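# Topology and contacts: notes
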Amino acid sequence: MFVRKFLPHLIPFRLLGYAWRDGVWHLDLKARRCSAVCPCCRHRSTAVHSSYRRTLADGPIAGSRVLIHLQVRRFFCRHAACSRRIFAEQFPTLVPVRGRHSLAVCSALRQVGLAVGGRAGARLAQALGLPGSYRTIVRFVHRAPFASFADPRVIGLDEWAWRRGRRFGTMICDLERHQVIDLLAVRSAPSVAQWLQAHPSVEIVCRDRSRLYAEGIRHGAPQAVQIVDRFHLVQNLGEALERFFLRDRRELNTLGTLLHQSSEPTPTPAMISQARHDRWVHLYHQIQQLHAQRLGTAAIARRVQVSRPTVYRYLAMAQPPERQRSRHRGQPLVAPFTPYLRQRWNAGCRNAQQLWRELVAQGHSPSRRTVERYVGQLRRETGTRFKFRQAPPALLYAEDQDESRPAPLTALRAARLFLAKPEEQRPTDQALLTHLLHLDPVMTPTYHQVQAFCRMTRERRGDEWDAWVTEVQQTGVKELRGFVQGLLKDEAAVRAGLSLVWSNGPTEGFIHRLKLLKRQAYGRAGVDFLRHRILAAPAGAAA
Ligand SMILES: [Zn+2]
């Protein structure tokens with residue numbers, strides 16, 4: 001009754017007995033049928049030769065592990081034409097031949113392995129009451145069947161790194177069905193050509209700007225239309241722009257600072273240069289002064305918001321700097337919390353642990369060490385070496401001390417300002433862009449050329465390509481001309497990318513998923529394991 005209701009897969013068996021030992025249910029079972037089919041000749045036999053016991057693990061009952069002790073009978077095969085004399089009965093609905101896990105457990109372990117990988121899978125399985133070591137799970141994942149796929153017509157190719165920066169593979173996606181259909185362990189023209197030859201149904205291939213793929217597609221599927229993915233086009237344009245802005249980086253840096261300090265009209269290059277030099281001189285005096293007050297290097301660095309190497313560099317100078325590149329360091333981790341920490345410090349709280357707990361209670365997540373370090377710095381600077389001593393009032397910190405410093409206008413940020421849709425630009429960025437455009441006469445035409453290209457990619461206006469190329473070749477800056485030169489080498493595919501609807505977006509998405517799978521195993525998973533995890537049939541599909 002119990003078996004029939006709760007363990008339907010055990011209905012063909014008679015329950016001889018059960019016991020609970022060491023946190024495991026032990027079930028003694030025997031097949032109800034008194035005959036078995038010979039695996040060689042498929043004739044049924046009832047002549048029992050002998051029997052033995054076989055143990056296998058089944059799915060958990062109420063979270064507890066289950067071991068099945070199965071009585072297996074050997075039968076005589078009486079069929080004259082059969083070469084087999086004796087055979088053991090099999091239980092295809094319960095357990096695979098020679099398997100030590102029931103079919104239900106095999107399927108569960110495989111799904112666990114596919115979802116979270118080998119080692120994490122083993123831990124999860126244990127928590128779920130499933131028997132299965134790391135190796136067992138890896139073995140099941142390797143045996144998982146691949147999802148079936150229809151003949152692809154439109155595919156996307158993209159590289160994926162399985163040793164970052166050193167070894168690359170290729171991912172192949174069906175762009176019509178949004179499905180990964182293969183993962184090649186290498187990124188090479190022959191491997192792509194070979195794959196395409198085996199899949200002659202392909203008509204359109206979306207790829208990045210790589211020459212390898214272009215060549216592979218030309219050899220493997222000469223009939224296919226090649227498309228350069230629009231994402232990569234815009235990415236390459238961004239890189240060209242970044243190179244362009246790097247030429248003027250010093251102006252950009254100072255522009256960012258000036259804009260933050262005032263809402264003056266557009267600064268001239270002379271003003272920019274002056275402001276930059278003033279800042280350096282001011283920094284020099286500040287650092288020297290703090291050093292004379294016997295502040296540590298790290299404390300000085302934090303106070304004036306520069307890196308420690310910069311402090312060393314300025315301390316080594318005998319006089320204020322002349323013309324050098326300025327450096328910026330990012331905000332210290334503690335920066336968002338310093339106003340609160342100072343306020344509490346001034347209120348008399350000297351306990352770093354307590355302050356950290358207060359910040360956490362407010363929903364922030366600074367590390368305990370960060371807060372400790374900052375409180376230690378306050379302690380050193382105010383001369384309160386012991387936490388129970390009150391700080392002298394004269395050394396209290398001003399709570400509204402402005403430590404924030406404008407984010408420098410990097411070449412990357414400037415490039416993004418140029419690439420962004422004007423209507424999606426934030427008002428502050430809009431203002432920055434306006435200043436940037438006035439910085440140099442070459443900026444405005446460059447901006448319009450960049451925007452025209454972005455419009456072409458967004459709205460697929462391939463028909464504007466020729467006019468755009470001519471304009472950039474005649475009036476564009478060096479970096480943009482170089483960008484166009486590169487595109488012209490691959491013109492047909494670029495033109496197709498600007499005209500056709502297909503894009504490699506889904507492939508990029510799957511690459512992200514693959515990265516996640518890769519990192520779940522801390523980068524140790526082999527290609528074959530990853531291949532199974534990404535290509536395996538979804539749960540519920542026939543195993
Ligand atoms: Zn037989």
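Residues numbered from 1 in each chain as written. Predicted model: local features only at pLDDT ≥ 70, side-chain atom pairs only at ≥ 80, totals over all residues. Heavy atoms only, no water.

### Describing the pattern of salt bridges
Here is the rule we go by: A side-chain nitrogen of Lys or Arg and a carboxyl oxygen of Asp or Glu constitute a salt bridge if their distance falls within 4 Å. Numbering of helices and strands runs from the N terminus, with a helix taken as a DSSP run of H or I at least four residues long and a strand as a DSSP run of E at least two residues long. With a 1.4 Å probe rolled over the protein chains alone, any residue whose accessible area is under 20% of its type maximum counts as buried; one over 50% counts as exposed, and the rest are partly exposed.
Under the counting rule described, the total for this entry stands at 16 salt bridges. Residues Asp-429 and Arg-413 are paired through a salt bridge, measuring 3.4 Å at the closest nitrogen-oxygen approach. Remark: Arg-413 occurs in helix 15 (residues 411-419) and Asp-429 occurs in helix 16 (residues 427-439); sequence separation between them is 16 residues. Exposure remark for Asp-429: the relative accessible area of 10% places this residue in the buried category. Between Arg-461 and Glu-464 there is a salt bridge, with the nearest N and O atoms lying 3.1 Å from each other. The partly exposed category is assigned to Arg-461, whose relative accessible area is 27%. According to the relative accessible area criterion, Glu-464 is partly exposed, its value standing at 28%. Salt bridges linked by common partners bring Arg-153, Glu-176 and Glu-203 together as one network.

### Focus: the coordination of the zinc ion
Convention followed: Ligating atoms shown are N, O and S within 2.8 Å of the metal, or 3.2 Å for Na, K and Ca, and water is not included, meaning a site may look less than complete. The rule is simple: four donors are tetrahedral if all their angles sit between 85 and 135 degrees, four are square planar and six octahedral if opposite donors span more than 155 degrees and the others lie between 65 and 115, and anything that fits none of that is irregular.
For the zinc ion, the full set of protein donor atoms is Cys-38 (SG), Cys-41 (SG), Cys-77 (SG) and Cys-82 (SG), at a range of 2.3 Å. Around the zinc ion, the four donor atoms are arranged such that angles at the metal cover 101 to 115°; this shape is classified as tetrahedral. Taken in sequence order, the residues that donate to the zinc ion follow the motif C-x2-C-x35-C-x4-C. Remark: Cys-77 occurs in the loop between strand 6 (64-76) and strand 7 (86-88) and Cys-38 occurs in the loop between strand 3 (36-37) and strand 4 (44-45); sequence separation between them is 39 residues.

### Considering the packing of helix 17 (residues 443-459) against helix 18 (residues 465-475)
Note the cut-off: Think of each axis as a best-fit line through the C-alpha atoms, taken over the contacting stretch in the case of a helix, with angles from 0 to 180 degrees between the N-to-C directions. Our angle categories are set so that under 35 degrees counts as roughly parallel, over 145 as roughly antiparallel, 65 to 115 as roughly perpendicular, and the remainder as oblique. Take the far helix as the reference: if the near one is turned anticlockwise from it by less than a right angle, the crossing is left-handed, and if turned clockwise, right-handed. Contact criterion: two residues are considered in contact whenever any of their non-hydrogen atoms come within 4.5 Å of each other. Gly is put with the polar residues, along with every residue not named as nonpolar or charged; the nonpolar set is Ala, Val, Leu, Ile, Met, Phe, Trp, Tyr, Cys and Pro, and the charged set is Asp, Glu, Lys and Arg.
Running from N to C, helix 17 and helix 18 point in directions that differ by 160°, and their axes come no closer than 11 Å. The orientation of helix 17 with respect to helix 18, classified from their angle, is roughly antiparallel. For the pair helix 17 and helix 18, the sense of crossing is left-handed. Side by side, helix 17 and helix 18 meet where Gln-449, Ala-452, Phe-453 and Met-456 of the first sit next to Trp-465, Trp-468, Glu-471, Val-472 and Thr-475 of the second. Partitioning the contact of helix 17 with helix 18 into residue classes produces six nonpolar, two polar and one charged.

### Comments concerning the side chain of Ser-64
When you line up the elements, Ser-64 lands in strand 6. Discounting chain neighbours no more than four positions away, the residues touching Ser-64 are Trp-20, Gly-23 and Trp-25.

### Considerations on the side chain of Arg-533
Where we set the bar: Charged residues are defined narrowly, with Lys and Arg counted positive, Asp and Glu counted negative, and His plus the chain ends left uncounted.
Considering the arrangement of structural elements, one finds Arg-533 in helix 22 (residues 527-535). Asp-528 is the oppositely charged side chain nearest to the buried, salt-bridge-free Arg-533, at an N-O distance of 13 Å. Among residues more than four places away in sequence, those in contact with Arg-533 are Gly-113, Leu-114, Ala-115, Val-116, Gly-117, Val-141, Arg-513, Leu-517 and Gln-520.

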